[in-house]
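# Close look at the chain arrangement
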Amino acid sequence: MALPESITTCLSQPVHYAICKLGFEKKDAYDINNVLSGNGEVCWQAVTEHVCYLESDESVDFIKSIRSLGPVCESVNLYFKSLSKEQFVIQYASWFHWTNCTEVFLEVFDVLQYTQTTEIDLGLMKLTSCLERALGDVYLLKGNDCPFLLRDLLASEQLADVFGQAVMNVLRVFIGSPHGLNLRNVLWHGFASPQEIPAKYCAMLLLLTAGLGQLLQTYLLQTKGVLVHRPYVIFVSLEELDAFPDLNDEILSIAEELVKLSSFVLKTMLPFWIAALTAFRKNRYADSVILLLPQLEVGLRLLFTTTNKCPNRLLTAESSAFYTTFDEMLAKHLDNEEVNQLPVVLEEPAMESDFLWDFLNHQEGPRIRDRLSHGEINLETFPREVANQIIGFAITILCRFSDEDMYSFKEHMVLKPLMNCASCYRSQFHPISRLKKQVLECMKSIQLWPELPIVPEEQVEKIKRLEANAEADTSILISEIISQLQHYMPQNFFSSDDPINSVLTERLLVELCDTRICTLYSPRPVLEVVAVLRRISAQCHQVSQQVIAGAGLRYTQWVNKTLRSRQRHNYRRMLNSIKFLSPVLRLILLLISLELVSVHSVCKKNPFDYQQYLKFLKSVLQYTENLVTYTSPEKNKWDETMELTKRTLIKIRKISDRKLMLMHLAT
């Protein structure tokens with residue numbers, strides 16, 4: 001991919017005019033004392049009078065408002081530059097407490113004093129995300145479900161009730177509306193080049209945030225309300241995000257050279273890449289990722305527009321159209337229903353698409369860009385592990401989209417482990433991947449059953465012949481089902497002498513779950529099946545946990561002789577039921593694993609049979625849900641468990657013949 005040297009901005013002409021020129025057209029100096037009282041409080045009426053409205057429908061005239069507010073913003077910027085840090089803290093720090101991010105806003109003040117190449121942009125991105133989160137907290141004083149989009153939040157009646165509609169219209173001039181400056185979206189989606197956003201708009205938003213704090217304090221005193229801050233999202237199971245090795249100084253130094261040479265990087269955006277790598281070196285991990293994510297979007301947008309032959313989409317969209325963002329770039333089809341060529345380009349290897357979907361889109365993944373841009377993550381405690389993965393991915397994509405004469409970089413010994421990890425990456429957060437994890441975790445739980453403390457057999461009355469027959473019937477049914485399925489399992493797992501213990505093992509499930517399955521753009525029927533399978537697996541796991549907890553409790557009560565006669569009888573039935581319930585649950589996990597291997601083909605080639613099989617799966621789900629109820633401490637219905645299990649196994653045996661035909665057709 002050749003680098004378009006001619007690209008100096010990613011702002012379309014109207015957007016560039018609105019951001020870079022419109023607010024500078026009025027040359028008159030503005031007296032800061034008009035908008036600030038003696039103690040630094042914002043005189044909101046003096047600010048709101050600069051918002052202009054259309055005569056036709058009394059909606060905000062954004063063009064006139066930007067032009068009118070330009071001198072006010074310049075005056076605020078000069079005022080902040082005249083203050084020392086100590087003066088600013090004394091006068092304004094307390095007005096930022098409502099955001100729960102006071103330090104972020106104090107940092108923005110520091111940035112305004114020095115105006116380094118990328119710091120204004122970084123400061124604005126952090127400011128807008130923290131402000132959005134705080135406004136969401138205020139919304140919840142009066143509403144229930146906080147809007148996800150900033151534009152809907154700012155247009156809400158709830159915030160207008162607290163701050164006043166005129167105040168919210170001032171904010172909408174700067175952020176949240178595609179008709180205004182829209183600074184938040186322009187920055188977070190990577191359209192703004194370094195220093196394209198005037199520092200005075202950052203200064204104005206800083207002052208407006210303090211002013212909102214003043215208004216909120218008055219409102220809370222009047223209503224005797226209390227602002228509650230929602231807890232931050234915390235990344236758990238960080239080991240699941242561990243795709244790339246730890247980045248050392250040598251790798252980062254090579255990366256700094258790569259960004260200067262790779263065709264993935266627009267020259268005008270180069271300072272952002274360097275700043276991101278520098279921030280990582282300085283342990284500013286949130287800053288590093290905030291700077292880098294928009295640049296990954298820019299690079300992918302360049303690829304997207306090149307491969308799909310729509311160069312005009314590289315620039316910001318106007319208010320009447322949509323931005324070309326991650327969501328559209330990773331979609332299967334374009335808005336005209338043609339096939340999106342970007343995933344095709346990224347498919348060799350497939351990791352780029354899988355990684356991006358994992359880290360940005362999948363609902364059970366970290367969704368880093370969403371959560372950072374909406375202020376859901378504590379910036380001070382952002383984990384190095386996550387930043388390491390984003391930068392590691394960025395380095396591999398820089399290598400992939402580089403010129404042939406950069407072979408020495410690609411083959412560099414230090415980068416080899418990174419590239420190897422990239423080629424081996426598999427989705428961790430697609431529903432299919434989560435199902436695989438659920439199956440193996442459930443199996444580990446069931447494998448604890450033999451270690452459960454049980455009463456010695458000589459202390460337990462012999463089971464009734466009926467129960468012995470039920471256990472034998474169960475074993476026969478399971479063996480028959482396994483025999484039907486053996487041809488669709490890996491070799492060397494089936495033993496006719498002991499089909500249950502040779503097949504229903506963790507080793508087989510691990511091998512089946514390790515089968516590589518395409519997760520990108522899974523069709524709806526596949527996702528429907530996977531959703532049911534996940535619910536079945538979850539119910540099985542809950543049954544296992546209840547058995548473990550119940551068996552432990554009853555054993556302790558037996559030893560302490562605190563069980564009544566009926567409870568002792570029920571405990572004996574529990575012990576008998578556990579013997580046959582373990583292979584039943586393991587069989588269900590095996591069926592889930594085999595279904596995963598064939599689900600794409602079956603759903604695609606046999607739509608009618610797929611619907612029939614989906615009904616069957618839902619009946620198995622109903623069985624497992626009943627199991628959860630019967631094995632719960634409150635019910636302890638072990639006789640019903642045995643009878644229900646036998647009926648379900650008979651149904652599975654019947655459907656397994658049909659399923660074998662489906663699998664045969666699919667292959």
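Computed from a predicted structure; not experimentally measured. In this numbering scheme, every chain counts its residues from 1 along its sequence in written order. Local features in a predicted model are, by the rule used here, given only for residues with pLDDT of at least 70; side-chain atom pairs are given and counted only at 80 or more, and totals for whole chains, interfaces and linings are based on all residues. Note that the side-chain values use all heavy atoms of the structure and ignore hydrogens as well as water.

Our next topic: the overall build of the protein. Put simply, DSSP marks the helices as runs of H or I at least four residues long and the strands as runs of E at least two long, and each gets a number from the N terminus on. Secondary structure assignment for the protein yields 29 helices and zero strands. Exposure is judged per residue with a 1.4 Å probe applied to protein chains only, and the accessible area is read against the type maximum: over 50% gives exposed, under 20% gives buried, and values in between give partly exposed. Counting over 667 residues, the protein shows a buried share of 55%. Whether two residues are in contact is decided by their heavy atoms: any pair within 4.5 Å suffices. Within the protein, residue pairs in contact and separated by at least 24 positions form 76% of the contacts whose partners lie at least 6 positions apart.

Spacing of three or four residues puts side chains on the same side of an α-helix, whose turn is 3.6 residues. To estimate the expected span of a helix, count its residues, drop one, and scale the result by 1.5 Å. Between its terminal C-alpha atoms helix α13 (residues 270-281) stretches 17 Å, which fits the 16 Å expected from twelve residues at 1.5 Å a residue. Every buried residue of α13 is accounted for by F272, W273, A275, A276, L277, A279 and F280. Next to the buried residues of α13 lie α6 (119-139), α12 (249-261), α14 (285-307) and α19 (384-400). Phi turns positive, to about 65°, at N283, one or two residues after α13.

Take the pattern of salt bridges next. By salt bridge we mean one thing: a side-chain nitrogen of Lys or Arg within 4 Å of a carboxyl oxygen of Asp or Glu. Applying the stated criterion across every chain yields a total of 24 salt bridges. For R301, the salt bridge identified is with E297, shortest N-O distance 2.8 Å. Highlighted residues: R301 and E297, both in helix α14, separated by four residues, approximately one helical turn. E297 matches R301 in its accessibility class, with the two residues each being buried. Across the pair K444 and E506 runs a salt bridge, and its minimum N-O distance is 2.9 Å. A residue pair is termed long-range when its members are at least 10 positions apart, and K444 in helix α22 (residues 431-446) and E506 in helix α25 (residues 506-513) qualify at 62 residues. Because the salt bridges share partners, they merge into one network encompassing E107, K126, R284 and D287.

A word on the packing of α12 against α13. Every axis in this analysis is a line fitted to C-alpha atoms, fitted for helices over the stretch in contact. Angles between the N-to-C directions lie between 0 and 180 degrees. One can describe the packing of α12 onto α13 by two numbers: an axis separation of 10 Å at closest approach and a directional angle of 175°. Of the possible angle classes, the one that applies to α12 and α13 is roughly antiparallel. Contacts from D249, L252, S253, A255, E256, V259 and K260 of α12 reach α13 at L270, W273, I274, L277, F280 and R281. When its residues are assigned to classes, the contact of α12 with α13 shows eight nonpolar, one polar and four charged. In these notes the angle categories are as follows: under 35 degrees is roughly parallel, over 145 is roughly antiparallel, 65 to 115 is roughly perpendicular, and the rest is oblique. Gly is placed with the polar residues, together with every amino acid not listed as nonpolar (Ala, Val, Leu, Ile, Met, Phe, Trp, Tyr, Cys and Pro) or charged (Asp, Glu, Lys and Arg).

The next thing to look at is the state of the cysteines. The disulfide definition used here is simple: a pair of cysteine sulfur atoms within 2.5 Å. Applying the stated criterion across every chain, the model contains zero disulfides. Left without a disulfide partner, C130 is nearest to the cysteine sulfur of C101, which lies 3.4 Å away.

With that out of the way, let us pick up the side chain of T641. Within the secondary structure layout, T641 lies in helix α29 (residues 638-666). By relative accessible area, T641 is classed as buried at 0%.

Okay, the packing of α22 against α25 next. It is at 10 Å that the axes of α22 and α25 come closest, and there the two elements cross at 175°. Here α25 runs roughly antiparallel to α22, going by the angle between their axes. Residue-level inspection shows K436, V439, L440, M443 and K444 of α22 in contact with α25, the latter providing E506, L509, V510 and C513. The residue inventory of the contact of α22 with α25, partitioned by class, reads six nonpolar, no polar and three charged.

Another aspect to go through is the nonpolar core. In plain words, nonpolar cores are sets of buried Ala, Val, Leu, Ile, Met, Phe, Trp, Tyr and Cys residues tied together by side-chain atoms within 4.5 Å. Counting 154 residues, the largest nonpolar core has F80, Y92, F174, L296 and F382 as its most contacted members. The element that contributes the greatest number of residues to this core is helix α11 (residues 199-223), accounting for 14 residues. Inspection of this core shows a minimum of three residues originating in each of domain 1 (13-223) and domain 2 (238-424). Filtering out sequence-adjacent residues up to four positions away, Y92 remains in contact with L36, G40, Y79, F80, L83, L207 and A210. As annotated, the domain borders come from an automatic or database domain assignment.

Turning our attention to the side chain of D61. Its location among the elements puts D61 in the loop between α2 (44-48) and α3 (62-82). Asp and Glu are treated as the negative residues and Lys and Arg as the positive ones, with His and the ends of the chain left uncounted. Summary of buried charges: D61 has no salt-bridge partner, and the nearest side chain of opposite charge, K64, is 4.3 Å away. Among residues more than four places away in sequence, those in contact with D61 are C52, Y53 and L54.

This part is about helix α9 (residues 165-174). α9 sits mainly inside the fold: seven of its ten residues count as buried. Positioned one or two residues after α9, G176 has a phi angle of 95°, which is positive.

Note: most peptide bonds trans; most residues except glycine with negative phi. If you check the backbone angles, E58 has positive phi at about 60° while not being a glycine. Phi angles above zero are rare outside glycine, and N636 is one such case at about 55°. Inspection of the secondary structure assignment puts N636 in the loop between α28 (607-630) and α29.

With that settled, the discussion passes to the environment of I63. By the secondary structure assignment, I63 is in helix α3. In the structure, I63 is positioned ten residues away from Y53 in sequence and 9.8 Å away in space, judged by C-alpha atoms.

Okay, the confidence of the model for the protein next. Residues at a pLDDT of 70 or more form 89% of the protein, whose mean pLDDT is 87. Counting interchain partners and residues more than four positions distant, the pLDDT-below-50 stretch residues 661-667 has eleven contacts. Per-residue confidence from the predictor is reported as pLDDT, which spans 0 to 100.

Examined against the element boundaries, L154 turns out to sit in helix α7 (residues 150-154). For the pair L154 and Q165, spaced eleven residues apart in sequence, the C-alpha to C-alpha distance is 9.4 Å. Here L154 is in contact with L135, L159, M168, L171, R172, I175 and G176, once residues within four sequence places are set aside.

Right, let's talk about the environment of L440 for a bit. Examined against the element boundaries, L440 turns out to sit in helix α22. For L440, a relative accessible area of 21% puts it in the partly exposed group. A C-alpha to C-alpha distance of 7.0 Å links L440 and L509, two positions 69 residues apart in sequence.

Attention shifts here to the packing of aromatic side chains. Working definition: a ring pair exists when centres of Phe, Tyr or Trp rings (six-membered ring for Trp) sit within 6.5 Å. Plane angles under 30 degrees give stacked, over 60 give edge-to-face, the rest tilted. What the rule picks out here adds up to 19 aromatic pairs. With 6.0 Å between their ring centres and 35° between their planes, F88 and F96 make a pair best called tilted. Considering the side-chain rings of W558 and Y571, the 5.6 Å spacing of their centres and the 55° angle between planes classify their relative orientation as tilted. Here W558, found in helix α26 (residues 524-559), pairs with Y571, found in helix α27 (residues 565-605); they are 13 residues apart in sequence, far enough to count as distant. Here the aromatic residues Y79, F80, F88, Y92, F96, F105 and F109 are joined through ring pairs into a cluster of three or more. We note K200 situated over the ring of F24; from NZ or CZ to the ring centre the distance is 3.6 Å. Two thresholds decide whether a charge sits over a ring: the Lys NZ or Arg CZ must be within 6 Å of the ring centre and within 35 degrees of the ring normal.

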